[in-house]
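Structural overview for review
Residues per chain are reported as follows:
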Amino acid sequence: MTMKDIKNVIFDLGGVLVDLDIERCTAAFRELGMNRVAGLINPCYPAEMIGRLERGDLSFHEACDAMRKLDGRYDVTDAQIAGAYGAFLAGVPVWKLRQVERLRGAGIRTYVLSNNNPASMEVIRGEFTADGHTMDDYFDKVYLSYELRELKPSEAIFRKVIADSGIVPAQTLFIDDGQKNVDAAQALGFAVYKPAPGEDFGHLLEEITATK
């Protein structure tokens, strides 16, 4: 992969910029007596019910109702479910925020493309303030599955991002920890990178800025 032609970088959130703790999340659901819901948690490819939430087909309250029904725990509140799901999110390291800042300082356009849901995004936006900025300060635009009404790895979600942003795939690096997502982007002509769990991929971003 050559970095000299890269003008845009698209980041996934969970597992790329946002650290994840799946065990903490599943434990939180089990503490609520929602063992079946705990078994559905997958950081890369959501189960059907969670996928409907992330695609915007269900409101968060409707998704909570489905989770309550699945485990027969009708006493669990939406706020408790949001808290358990939020336990998935282990923070955004400041050094990652500064890497994104360096890209922007070199004239690289930066974006997010994430399968996500409104409750988690409230938490995530707060975590992007760790270095004194807001999430919107770091990206030209944040693309979220429930707003685009599509899920990665569908071709449609990438097509919508391309059409809205005007980016050229061959000039764009897509960083995602899901193999199917990376494969879908590569098939459309994006440069791609799949970091290993916990990997510091800053060396790749430094290669991009070094050529500008």
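Residues numbered from 1 in each chain as written. Predicted model: local features only at pLDDT ≥ 70, side-chain atom pairs only at ≥ 80, totals over all residues. Heavy atoms only, no water.

Going by what an unreviewed UniProt entry lists, the chain is known as Haloacid dehalogenase and is assigned to Alistipes onderdonkii subsp. vulgaris.

**Some thoughts on the pattern of salt bridges**
A complete count under the given rule lists 16 salt bridges for this structure. A salt bridge links Asp 78 to Arg 68; its shortest N-O distance comes to 2.8 Å. With a gap of 10 residues between them, Asp 78 in helix α5 (residues 78–86) and Arg 68 in helix α4 (residues 60–71) connect regions that are remote in the sequence. Judged by relative accessible area, which is 6%, Arg 68 ranks as buried. Among the ionic contacts, a cluster of salt bridges with common partners joins Asp 12, Lys 152 and Asp 176. (Salt bridge = Lys/Arg side-chain N within 4 Å of Asp/Glu carboxyl O. Helix = DSSP H or I, 4+ residues; strand = E, 2+ residues; numbered from the N terminus. Buried < 20%, exposed > 50% of the residue type's maximum accessible area, 1.4 Å probe, protein only.)

**Comments concerning α5**
If you check which residues of α5 are buried, you get Ile 81, Ala 84, Tyr 85 and Gly 86. The inward-facing, buried residues of α5 abut α1 (22–31), α3 (48–54), α4 and α7 (118–127). (Contact = heavy atoms within 4.5 Å.)

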